[in-house]
Amino acid sequence: MSNRVRGVIARTKGAPVEVVSIHVPDPGPGEALVQVQACGVCHTDLHYREGGINDDFPFLLGHEAAGVVESVGPDVTDLAPGDFVILNWRAVCGQCRACTRGEPQYCFNTHNARQKMTLEDGTELSPALGIGAFAEKTLVAAGQCTKVDPAAPATAAGLLGCGVMAGLGAAVNTAGVKRGQSIAVIGCGGVGAAAVAGSRLVGAGKIIAIDVDDRKLAGAQNFGATHTINSKGLGVDDVVAAIQELTDGNGADVVVDAVGRPETYRQAFYGRDLAGTVVLVGVPDPTVTLELPLIDLFSRGGTLKSSWYGDCLPSRDFPMLIDLFQQGRFPLDQFVSETIGIDDIEAAFDKMHRGEVLRSVVVL
């Protein structure tokens, strides 16, 4: 059997999104059917629409979501109808070489639902990041559901499913920023703002926010930035000098690049202290390249990392962050700029382009 619901698809590259009827199968082995309550509008959804991820059109967009489990497959024992869950796009397998060496956050064999959601004519849909949550219901692998306290609002909780977790995790999990350390965050949209908030959460000292938009810098201050740099019109050397000026001439202990462009990565690379850490969390355009003198890689030492989903383990991190939010210690709800309907996603993409929102959240 299948469930007929409304969902938002990208039918062809660059075309406006459409709200259409889709068919969502009842869950089979290892699967769960989730009634989506809220889903954030993420840059990744726009990348899918623009063909920047792959060309497996049509896509069922949406992935940063929370909702309630409606039914589960016959062999699912750790979920039940009525469970309030955040959806994640890295359901760990428990058996690959990363999982068996005790590093499931790096699982190399994450999985999604086996059955396909379809259009009414039977055309198979490609769900964004294996989720497809701009829909009234979606089918996912049971491991993509993380149970959290149902008292948390879905509009805020769902943001842990991608952007907030990616940014916070880049600073806290990947970089391991410590109490009293300095950190610079380049790019202060939703991901960068979360890196700032996470740095404050763990007690970082100087937290330097860098962006070309004063509105985003002001938002970063609300999340805990102690200093800001407007880099509009500045060259790499100018940004590096500004970071060094705020860190006794040394550079920051950690620099997070939440943009993912060659010029921002060079700012991060040279803006860190000797033996410091660079974390790339902004997703680069696959066509761009980076050139650095090899002697600088050697002589500056330290660590260069990429952050996959904030190196998070959803079963560990999501409940903890929800608890901190409910205790008033992590401002998760402040990432929600507006709530919108399922018909308003194209307009939300435009607001995202103009830098007017951290997150528009679709309420279903």
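**Let's talk about the nonpolar core**
Ile183, Phe330, Leu332 and Phe335 are the most contacted members of the largest nonpolar core, which totals 52 residues. Of the residues forming this core, the biggest block, 6 residues, is contributed by helix H4 (residues 163-174). Membership of the second largest hydrophobic core comes to 32 residues, among which are Ala10, Val36, Ile342 and Val362.

**Digging into helix H10 (residues 314-326)**
Compared with the 18 Å implied by 1.5 Å per residue over 13 residues, the 18 Å span of H10 between its first and last C-alpha is a close match. Three or more residues of H10 are buried, namely Pro314, Asp317, Phe318, Leu321, Ile322, Leu324 and Phe325. The arc that holds the buried residues of H10, viewed along the axis, is 160°, so those residues lie on one side. Residues of H10 that are buried make contact with strand S6 (84-87), strand S10 (145-147), helix H3 (154-157), H4 and helix H5 (190-201). Two residues or fewer past H10, glycine 328 is found with a positive phi of approximately 80°.

**A few points about the sheet that holds strand S7 (residues 118-119)**
Read from one edge to the other, the open sheet built from 5 strands follows the order S7-S2-S1-S4-S8, with strand pairing classed as mixed. Taken across any chain shown, the strands that pair with only one partner, and hence form the sheet edges, are S7 and strand S8 (126-127). In this sheet, S8 lies alongside strand S4 (residues 59-60) in parallel orientation, the contact comprising 2 bridges. Note on S8: the bridge partner recorded for phenylalanine 59 is serine 126.

**Examining the pairing of strand S5 (residues 64-72)**
When strand S3 (residues 31-40) meets S5, the two strands line up antiparallel, connected through 8 bridges. Its bridge partner lying in S5, glutamine 35 is registered against valine 68. Note that S5 and S6 share 3 bridges and pair antiparallel. Paired with valine 68 across the two strands is phenylalanine 84, which belongs to S6.

**Quick notes on the environment of threonine 264**
Looking at the element boundaries, threonine 264 is found in helix H8 (residues 262-271). Given a relative accessible area of 9%, threonine 264 falls into the buried group. With 45 residues separating them in the primary sequence, threonine 264 and tyrosine 309 have C-alpha atoms 20 Å apart. Setting aside residues up to four positions removed in sequence, threonine 264 forms contacts with Ile186, Asp257 and Val259. From its side chain, threonine 264 meets the backbone oxygen of arginine 261 in a polar contact 2.9 Å long.

So, how was this worked out
Residues numbered from 1 in each chain as written. Predicted model: local features only at pLDDT ≥ 70, side-chain atom pairs only at ≥ 80, totals over all residues. Heavy atoms only, no water. Core = buried A, V, L, I, M, F, W, Y, C linked by side-chain atoms within 4.5 Å. Buried < 20%, exposed > 50% of the residue type's maximum accessible area, 1.4 Å probe, protein only. Helix = DSSP H or I, 4+ residues; strand = E, 2+ residues; numbered from the N terminus. Expected span 1.5 Å × (residues − 1). Arc of directions from axis to C-beta. Contact = heavy atoms within 4.5 Å. Pairing = 2+ DSSP bridges. Polar contact = N/O pair within 3.5 Å; in protein donor to acceptor, adjacent residues only side chain to side chain.

Purely spatial values, then, with no claim about function.
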